[in-house]
Structures are given as structure tokens and as C-alpha cells.
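Structural description and commentary
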Amino acid sequence: MKCPFCHHDETQVLDTRVSEEGDAIRRRRRCAKCDKRFTTYERIELVMPVVVKKNGSRTEYAAAKLRGSLMLALRKRPVAAAAVDTAIASIEEKLLTSGQREVDSGYIGELVMQELKALDKIAYIRFASVYKNFEDLAEFQQAIAEVGHERKPRKS
């Protein structure tokens, strides 16, 4: 580690501690040349895969786009913000643990549909109607029937 003051290459670690949140390691260092002290932090860096769109172009993963898509489908639906956050975290975890450097936008769309199906059937249908680009009424009816069969019995 280079000293930020004199740029000397030799520094000594005086103290190492885990941060209060547990997500970083704090190291207190001293420069062997100028004797000044400084602190460094070591954190995990997770890199999301690059998204490959239908037209073949590549773009960086954007959490805001994912949240926007979910919120649009869930507009005026009785779903708690915490449930949306949990769904987003689940999707992002699946993307990270896939081990792929690039993922199809279609794969992300399928993950979103899985989460919406569990959150709210109406939001699922809204998203599916756009995502699957239904060409006729029969396709739309098939999607509705698909979630209709999974209906929970109503309480009297």
C-alpha cells in the first residue's frame, strides 16, 4: 500500500478491525518513510453481469431500471415496499450467483416474472402482457388462466 502523503511503497499495518456493520475491514497504517498514519478500508466488490439486450447491444446492469419495471407493474397495487425490496434483492442475488459475466435481458425478465407472480397476480399479468408482447387475446387469456389456476381459496 502506497503512502498517500509521500507515495512511499512501504507501509506497516498497526491495527486491523472489522467495521461495526461487518462489511469492511479497517486497517490503521504507518508509513516507513515519513512516519505519518492513515486508515484504509477493505470491502467486497461485487460486479453485476453485463446485460445483453434483444438487439445484441450490451449495457451495464441498472438497479433503477429493475425497480422502475417492478414499480410500474405494481402501480396502485397493495404491495409493501419491503416486499418489493426483497424481490429486487432476490433477483440481484440470482444474477450475482449465476457466475455469468453476461446475461440476456430475457433472463432478467423471467426472474422479474417469477417474483411478480409471487407478489401480485395482477402485476404479473401487467408485466407479462408487455414483456411477452401478446399478439392476440388468446395469449392474454392463457396467461390469465395460468395464474388463475394457482388461486388461493378465499376465506369466508
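You'll find the structure just up there.
Below, the structure is looked at part by part. Computed from a predicted model, the values in this text were never measured in an experiment.

**Looking at a nonpolar patch on the surface**
On the surface, a cluster of nonpolar side chains totalling about 320 Å² of accessible area is made up of I44, L46 and L96. In this fold, L46 is placed in the loop between strand 3 (37-43) and strand 4 (50-52). Relative accessible area serves as the criterion here: at 61%, L46 is assigned to the exposed category.

**Remarks on the packing of helix 1 (residues 63-73) against helix 2 (residues 81-97)**
Interhelical geometry of helix 1 versus helix 2 gives an angle of 130 degrees and a closest axis separation of 11 Å. Comparing their axes, helix 2 and helix 1 come out oblique. Of the two elements, helix 1 crosses helix 2, and the hand of that crossing is right-handed. Contact residues: helix 1 offers A63, L66, R67, L70 and M71, while helix 2 offers V84, D85, I88, I91 and E92. Looking at side-chain class alone, the contact of helix 1 with helix 2 contains seven nonpolar, no polar and three charged residues.

**Description of helix 2**
The first and last C-alpha atoms of helix 2 sit 24 Å apart over 17 residues, in line with the 24 Å expected at 1.5 Å per residue. Turning to helix 2, its buried residues are V84, A87, I88, S90, I91 and L95. Taken end-on, helix 2 shows its buried residues confined to a sector of 155 degrees, consistent with a single buried face. In helix 2, those exposed residues whose orientation departs by more than 90 degrees from the buried face are A82, T86, E93 and T97. Buried residues belonging to helix 2 abut helix 1, strand 6 (102-104) and helix 3 (105-119). Of the residues one or two after helix 2, G99 is the one with positive phi, at around 75 degrees.

Conventions adopted
- Throughout this document, residue positions are counted from 1 along each chain, in the order its sequence is written.
- Only residues with pLDDT of 70 or above have their local features reported here, since the model is predicted, and side-chain atom pairs are shown and tallied only from 80 upward, although totals for entire chains, interfaces and linings are computed over all residues.
- Only hydrogens and water are set aside when side-chain values are computed; all heavy atoms of the structure are taken into account.
- Only residues above 30% relative accessible area that lack a salt bridge enter a patch, with like-charged residues linked at up to 9 Å and the nonpolar side chains Val, Leu, Ile, Met, Phe, Trp and Tyr linked at up to 5 Å.
- Only the protein chains shown count as cover for residues, and all accessible areas are computed by the Shrake-Rupley method using a 1.4 Å probe.
- Salt bridges are defined by distance alone: a side-chain nitrogen of Lys or Arg within 4 Å of a carboxyl oxygen of Asp or Glu.
- By definition, any uninterrupted DSSP run of H or I lasting at least four residues is a helix, any uninterrupted run of E lasting at least two residues is a strand, and each is numbered from the N terminus.
- Each residue gets one of three labels from its accessible area relative to the maximum for its type: buried under 20%, exposed over 50%, partly exposed in between, using a 1.4 Å probe on protein chains only.
- The angle between two axes is taken between their N-to-C directions and runs from 0 to 180 degrees, where each axis is a line fitted to C-alpha atoms and a helix contributes only its stretch in contact.
- These descriptions rest on fixed angle ranges, namely under 35 degrees for roughly parallel, over 145 for roughly antiparallel, 65 to 115 for roughly perpendicular, and the rest for oblique.
- Note on convention: near helix rotated counterclockwise from far helix by under a right angle means a left-handed crossing. Clockwise means right-handed.
- Any pair of residues with heavy atoms lying within 4.5 Å of one another is described as a contacting pair.
- Each residue gets one label: Ala, Val, Leu, Ile, Met, Phe, Trp, Tyr, Cys and Pro are nonpolar, Asp, Glu, Lys and Arg are charged, and the others, such as Gly, are polar.
- Here a helix's expected span is defined as the number of its residues, less one, multiplied by 1.5 Å.
- Note that the arc is defined by the directions from the helix axis to the C-beta atoms.

Take it as geometry only, folks, not as evidence of what the structure does.
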